[in-house]
Structure formats: C-alpha cells, structure tokens
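# Per-entry structural report
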Amino acid sequence: MTVDASRGAEAPPELVQLLTPEGERVEHPDYDIDLTPEEVRELYRDLVLVRRIDMEAVALQRQGELGIWASLLGQEAAQIGSARALADSDMAFPTYREHGVAWCRGVDPLYLLGLFRGVSNGGWDPADHNFHLYTIVIGAQALHAVGYAMGVQRDGADAATIVYFGDGATSQGDVNEAFIWASVFNAPVVFFCQNNQWAISEPLEKQSRIPLYRRASGFGFPGIRVDGNDVFACLAVTRQALRNAREGQGPTLIEAFTYRMGAHTTSDDPTRYRVAGELEAWKLKDPIERVKAYLFRNQHADQDFFDAVDAEAGRLGREVRKRCLELPDPNPLDIFEHVYAEPNALLAEEREQFAAYLASFEGGES
Amino acid sequence: MTTLTLAKALNEGLRKAMEDDPKVLIMGEDVGKLGGVFRVTDGLQKDFGESRVIDTPLAESGIIGTAIGLALRGYRPVCEIQFDGFVFPAADQIITQLAKMPLRSLGKVKLPVVVRIPCGGGIGAVEHHSESPEAYFTHTGGLRVVACSNPVDGYHMVQQAIRSDDPVVFFEPKRRYWDKAEVDKDAAPLPMGRGRVVRPGADVTVLTYGPMVKTCLEAANAVEGERSIEVVDLRSLSPLDTELVFDSVRRTGRCVVAHEAPMYNGLGAEIAARVTEACFYHLESPVLRVGGFSTPYPPSRLEDHYLPDLDRVLDAVDRTFAF
Ligand SMILES: Cc1ncc(C[n+]2csc(CCOP(=O)(O)OP(=O)(O)O)c2C)c(N)n1
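Residues numbered from 1 in each chain as written. Chains lettered and ligands numbered in written order. Predicted model: local features only at pLDDT ≥ 70, side-chain atom pairs only at ≥ 80, totals over all residues. Heavy atoms only, no water.

Our next topic: the overall build of chain B. For chain B, the count of helices and strands is 12 helices and 14 strands. On C-alpha atoms alone, chain B measures out to a radius of gyration of 19 Å, which is about the 20 Å that the 2.2 N^0.38 rule sets for 323 residues. Along the first, second and third principal axes, the C-alpha set of chain B runs to 60 × 40 × 40 Å. Out of the 323 residues in chain B, the part that is buried amounts to 59%. Taking the intrachain contacts of chain B between residues at least 6 apart in sequence as the baseline, contacts between residues at least 24 apart amount to 80%. A total of about 12300 Å² of accessible surface is found on chain B, and carbon and sulfur atoms cover 51% of it. In chain B, the 36 positive side-chain charges and the 44 negative ones have mean positions that sit 5 Å from each other. (Helix = DSSP H or I, 4+ residues; strand = E, 2+ residues; numbered from the N terminus. Rg over C-alpha atoms; globule rule 2.2 N^0.38 Å. Buried < 20%, exposed > 50% of the residue type's maximum accessible area, 1.4 Å probe, protein only. Contact = heavy atoms within 4.5 Å. Areas by Shrake-Rupley, 256 points an atom, 1.4 Å probe, with all protein chains shown as cover. Lys, Arg positive; Asp, Glu negative; His and termini not counted. Charge placed at Lys NZ, Arg CZ, Asp CG, Glu CD.)

Following this line, the structure appears as structure tokens:
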C-alpha cells in the first residue's frame, strides 16, 4: 500500500474524480452524477459568485476595511459541491473559511464581512439557514455537529449533519473524539475535511503520515477521498454520504483534496514557507476553469452566458463593497447585550456605570 | 545596549537559552519556518534545526502533554500557544497534570516547562484572539505565572522562566510586541518573581502588569504635576511580590489595580483583598479596580471601549481621592 500525502499537482490514485482539469467528464465505478445543463450552469454561477465575494473581501481588507479575511480561493468547488448536496433540513457546521457554504445556505455575505470587520461575532441565527456560526477554535465544532446529529437521530428526523474542518484540524483531540462519538452512536453526520494542504505554515506531513481519509477506518466508518477541485465529484460523493447518514448507516469522512491558493489569512505570509511552483501547478486545476471548459466543450453555454455571469459577479462585488462600507460601528453599550438570557445584576451595574462614564465625556468636553 | 522590540527581545532571549542549554526545546504550531505568527521564534529553526525547534501537529493538548513527557526525560520544553484563546484545549494538561505532578512525586519529578502565551487585546483581531486568561492559571497552585511588559523584561524573563524548575505560564502582551526599548543584555536582571516600581510617586499606587503597564505610565505622565502616581509592574502574578506591593501602598495610602481581564473574580480582586488586609491602617480610601467587563471580549470595533485606557485609569485614581 502506498503512503501518499503528496501535495503536488499529480492526482493521487485513490481520488474520486468526475470532471478532469481539462473539463472532460470521466466515469467512476462507485459514483456518478446526472446533471442537466441548467444545473451545471447554476453550479458555475455559484463558483464564480463566491470567488467574487472572496476577492472583494480580500481587497476590502487590503484597504483597511476588514481587520482580517480568510480567503476561500481554490476551495470553491469543495464548498459549493458539498453544500449543494445538502437538503434544506440538513444542518451545516462550518469553520471560518466556509464562505461558499454560507452562500449556498442563503446567509447574507454581509454577516461574514461584519465578523471580519469586527462589528460582530457572527450575528446570524443558525436556525434560519441551518448553517451554524463560524467556529474559530480549531475542531471544536466537530463535536457540536455530532451532538446535533445525535439529536436528529433521536428525533427520528429525516436529516443529516455536515461538519467542515481543515487538514490541520484532524490533529485536534476534539476532532478525534468526534470521530469516536459519531462512530459508536452511529450518528448521521458527514465529516467534510477540506485538505488544502496547509495549516498556516505547516504542510500536511506535519499532521499525518497517511492520507486523511484513511483515518476513518481506524474509527470504524468509511472514508473517501474526492478531487476537491471537481465540483461534480464533491457533489456526488457528499450526496451519497448524506444519503447514507439519513438512511441510518452512520458517519462518513470525506477528504476533499484541494489547495489553498491564497494566504492562510490576509495576515499570513506564504512566501516564508510555500514551495515555489506549487501554486502554479494547482492553478492548472482551477475549480472554475474546468466547469467552464466542460460547458464550452459540450455547448451547454455560450459566451453570452459567461459574460452575463461575469456581469452579475461584478454587480455583486460592488454591492458587497458598498454595503460593507456602510456597516455601522456597534454601540459601545452593545458589549453588554446578549451575554445572558436572564437579567444579570452584575452586568446591569457594569452597564450603568459605563453608560455614566461615557456620558461624562459627552457633557463635560471643554 | 541594543534597541529591540519586545518580539525581538524574546527571540534573542530564547536564542540565548538554547545556546546555553542543549536541553532547551521550542515547540508549537508554526514556530519553525514561519517563525511563529508573531515571529517570536524567527530564525531559530534555521539555526538550531528541526529537532530543537519543532513544528507540532495542530493540537494544544498534545503540545503540553508531550512537553510534560519530554520534561520527564530531562528536556526543557518551551511551548508556544499561538493565541490566548487556544490555550483552553490544553487547559486540562496544564491544570491537572503540569501543575500537580511535582507535588504528587513529593518533589522528585521536576517539570521545567514554559508555556508562552501571547495575550490580551488591542490588535483588532477576531474572537478568541484577545483573551486575558491569567486568572485561570493563577488560580492553580503549582504554576508560576508571569507577565512581561517591555523588551528588557522580555529578554531576561524568558530565560529565567526556562531556567526555572517550576512550570511557568509566560504571558506576552501582543499589542506591545512592536514596542522598542534599549536592552542591556549584560546588566543583572531583576529576579522573575519580583515586581518593580516603574515610576515612583507619592500620592497613589497603581498596580498593573503586561499590556496595561504602558497605559498606566501614560496616565501617570498625563497628570504629572497635579497628582503623583506610582506605577508598579507586578511582573510575577503568581506568586505575587506582596512585599513590594504593600510597601508602595503604605507609602502612598491609595491603591488602584488595573488589568485588561474582566474585573469580576479577576486578579485585581485578589490583590485588592490582600492590600486591604495588610495595609488597612495606611489606606485613605478603598482599593479600586479597573478592568474589562464581565462579558466575552467584544468584536474588535468595540475593543477601545472594553480595554481600560488612560482615562479609565485616571477616573479610578480620581475616585480614590474622592473619599
Ligand atoms: C485550537 C486552535 N489552535 C490554533 C488556532 C490558530 N489557527 C487558526 S487557523 C490554523 C490552521 C488551521 O489549519 P486547517 O485546519 O488545515 O484549516 P485551514 O485554515 O487550512 O482551512 C491555526 C493553527 C486556532 N484557531 N484554534
């Protein structure tokens, strides 16, 4: 058996792929997908729009409008493919980079920008979109997802749960504990690991000596590796795993083999650690270009369509920018809001004192 | 004398400790090629190799737990926790194991492990990147807890922490990493367990540490001539240099404790209680505290309100004169 933890552009052997980087449909013995041209065009549109939101956010950060931003560049197919496999009733638990999943769940991108701008810590209601809050502490949400799935299971609901995390996160105790719980309780949960090859500066070899999807077998459930830059394959594999979960067959670990094309966050400097040429090799596997090539190749879309999507992306980008700049700073007394469900005397006192303190400046300025 | 930022001073302190003792190891996430997210370990892996500067898997409990094992084997690991909010996955290892094993062995086991934690707010980060977790650790017997506030202390204290046979939780104020000062590497350093009067004064003592030392000095300077504020940098949070503290408060008769962490059940509460007990007949007014609110750290656009600034310190100072 080969131990393959390579980051290179060569596709490792055990990878489910349905669409080549050149945009050619290929068959896989276990996975297939039947998409109408219209559905493929929709996926393409999603990919382009979330990339555009991401680009705009990176630009806004560079201009000092966001404190920091975690770019999804390169991971669009993994996110759109997996998220479009979800039913409305399925619940998703993200990390801090799942802007594409958020998009598919109908979360206004302004919430994400607001979080990174520092005006809120999220602020959306997870129940509105079946999309949980972003989680910054690495791996913590894996356990929440399993617990949620156990609740779904108890309720006899026809739903599954999906949890997103990175390759680095697989080292955390919480993620390993989540694997154990999911396995022994046969929880209806899909672990979706976006292996983008890096945890900040640390390559995959610093987390694992075996391909990540093979971890699952040691915990007693199936693991599968999918071409994370292939939106068809991500959709097909996730659909199947969610179906298995809903049908009572328990958890699956999906390793989406992909690449972080940008920096870890806008505060990171990848030139310090990234091997030259790696990025160039991965650019050839761009998740958007291959869908475009497929649509062209099969004459499912013409130039007008691509122009229209580009124009829509432009409009979306401008709108996101405008609304971001209009985001007001929170009121200082908001610090005390929503800390407890029940009234709290200590907080009420601190709030009152702080309000009086602030007022002393407004009145007392000479 | 060389002029160093706090980050660079810590870097040079670590380098010196590694040169002096081959048993010193550095371990943590991204400490190698990247040099740590704050570059405190910059260049160390290049010069000391991957077996002494270890990029660990992304697992804080693992970092501290394996450091304990390495220490049992005679090494002196210096663990970097990337950000304050990420020490909690390691809290079990620190609190239930690191702090207690020496006692359980009746002193036969020594655990010279240093846990470096960039702490506090003021850099505009997202949640979990601006915590002040010192009270959790000062509440645990068996740990030494120290906080540096300037490049001179950064350089010396990190070496002292590494030389200490006790486990040390070492706080570094991240918003002060880029502050510069002249560092005399040859001058005899103050022992790690001692506090220091960083600005003498006659009317009121302000006790503080870490990131707030600079803020309190600014407050003292701002009212120079009107009020004479003595600023004490506690440096050692556990054990506390009570002698220095009591001596200062007995001279000035007034006391304010300032920190970034929430006031409720914070270090300030402990210090205020002790000062009240020991200096009761010297006090002109109650000991007052300045700190964060009893809420989670707010989104960064509000941190200027959450973090005590010069005005909040002066407000408390004024109140001690109003009694
Ligand atoms: C518990 C914890 N430790 C450290 C960090 C700091 N940190 C943020 S992202 C990151 C790397 C995460 O890598 P990975 O899980 O592969 O996800 P990616 O960002 O590559 O998508 C680290 C170390 C954190 N957020 N939480």
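This paragraph deals with the interface of chain A and chain B. Facing 43 residues of chain A, the contacting portion of chain B comprises 40 residues. Of all residues in chain A, the largest losses of buried area upon contact with chain B belong to A:Ile136, A:Arg272 and A:Ile335, amounting jointly to 19% of the total for that side. If you look at where chain A meets chain B, you find three salt bridges. For B:Arg301, the salt bridge goes to A:Asp329, with nearest N and O atoms at 3.3 Å. Residue assignment for the side of chain A that touches chain B shows that the elements contributing at least two residues are helix H4 (109-117) and helix H13 (345-364) of chain A. (Buried area = accessible area lost by both parts, 1.4 Å probe. Salt bridge = Lys/Arg side-chain N within 4 Å of Asp/Glu carboxyl O.)

Per the domain assignment, the segments of chain A are domain 1 (19-330) and domain 2 (331-365). Averaged C-alpha coordinates put domain 1 of chain A and domain 2 of chain A at centres separated by 39 Å. (Domains from an automatic or database assignment.)

Another aspect to go through is the sheet that holds strand S13 (residues 255-262) of chain B. All names here are of chain B. As summarised here, the arrangement of the five strands in space is S9-S11-S10-S13-S14, forming an open sheet in which the pairing is mixed. The strands lining the two open edges of the sheet, one partner per strand, are strand S9 (196-199) and strand S14 (288-292). The mean inter-strand angle of the sheet, taken between neighbouring strand axes irrespective of direction, is 25°. As paired elements, S13 and S14 share four bridges and run parallel to each other. In the sheet register, Ala-258 faces S14, and the bridge partner there is Val-290. Packing against the sheet, helix H8 (residues 212-222) makes contact with S9, strand S10 (204-208), strand S11 (229-233) and S13, and its axis sits at approximately 170° to S11. (Pairing = 2+ DSSP bridges. Axes fitted to C-alpha atoms, helices over the stretch in contact; angles between N-to-C directions.)

Residue and element names in this part refer to chain B. For strand S7 (residues 168-173), the buried fraction is high: six of the six residues fall into the buried class. A two-sided burial pattern is seen for S7, the buried positions comprising Val-168, Phe-170 and Glu-172 on one face and Val-169, Phe-171 and Pro-173 on the other. Pairing between strand S5 (residues 114-119) and S7: six bridges, direction parallel. Note on S7: the bridge partner recorded for Arg-116 is Phe-170. Pairing between strand S6 (residues 144-147) and S7: four bridges, direction parallel. Of the residues in S7, the one forming a bridge with Arg-144 is Val-168. As for the winding sense of the linkage, the β-α-β connection from S6 through helix H7 (residues 151-163) to S7 is right-handed. (Right-handed = clockwise from strand over helix to strand, strands pointing away.)

Now for the domain arrangement of chain B. Quite often, the size of an interface is put as the accessible area lost when its parts meet. All names here are of chain B. Here the domain parsing of chain B yields domain 1 (2-183) and domain 2 (196-320). Domain 1 and domain 2 are separated by 26 Å when their C-alpha centres are compared. The interface is formed by 26 residues belonging to domain 1 together with 22 residues belonging to domain 2. In total, about 1900 Å² of surface goes out of reach between domain 1 and domain 2, with carbon and sulfur atoms giving 47% of it. Put simply, domain 1 and domain 2 have four salt bridges between them. Between Asp-153 and Arg-196 there is a salt bridge, with the nearest N and O atoms lying 3.0 Å from each other. Our count for the contact surface shared by domain 1 and domain 2 stands at 14 residue pairs in polar contact (both at pLDDT 80 or more). When residues of the side of domain 1 that touches domain 2 are assigned to their parent elements, the largest contribution, four residues, is made by S6. (Polar contact = N/O pair within 3.5 Å; in protein donor to acceptor, adjacent residues only side chain to side chain.)

Let's shift gears to the UniProt feature "domain: Transketolase-like pyrimidine-binding" (unreviewed entry) in chain B. What UniProt calls "domain: Transketolase-like pyrimidine-binding" (unreviewed entry) maps, in this numbering, to residues 4-179 of chain B. Along residues 4-179 of chain B the backbone is 36% helical and 18% strand, and the end-to-end C-alpha distance reaches 8 Å. (UniProt positions renumbered as here; feature names shortened; annotations may be inferred.)

Another point: the site of the ligand. Of all residues adjacent to the ligand, which total 20 residues, the nearest are A:Tyr96, A:Arg97, A:Ile136, A:Gly168 and B:Glu60. With respect to the ligand, the chains having nearby residues are chains A and B. Within the backbone of A:Ile138, one N or O atom sits 3.0 Å away from a nitrogen atom of the ligand. Separating an oxygen atom of the ligand from a backbone N or O atom of A:Trp198 is a distance of 2.8 Å. Contact with the protein chains hides 96% of the accessible area of the ligand, taken as 580 Å² for the molecule alone. Of the residues that constitute the shell around the ligand, the class distribution is 10 nonpolar, six polar and four charged. (Near = heavy atom within 4 Å. Nonpolar A, V, L, I, M, F, W, Y, C, P; charged D, E, K, R; others polar.)

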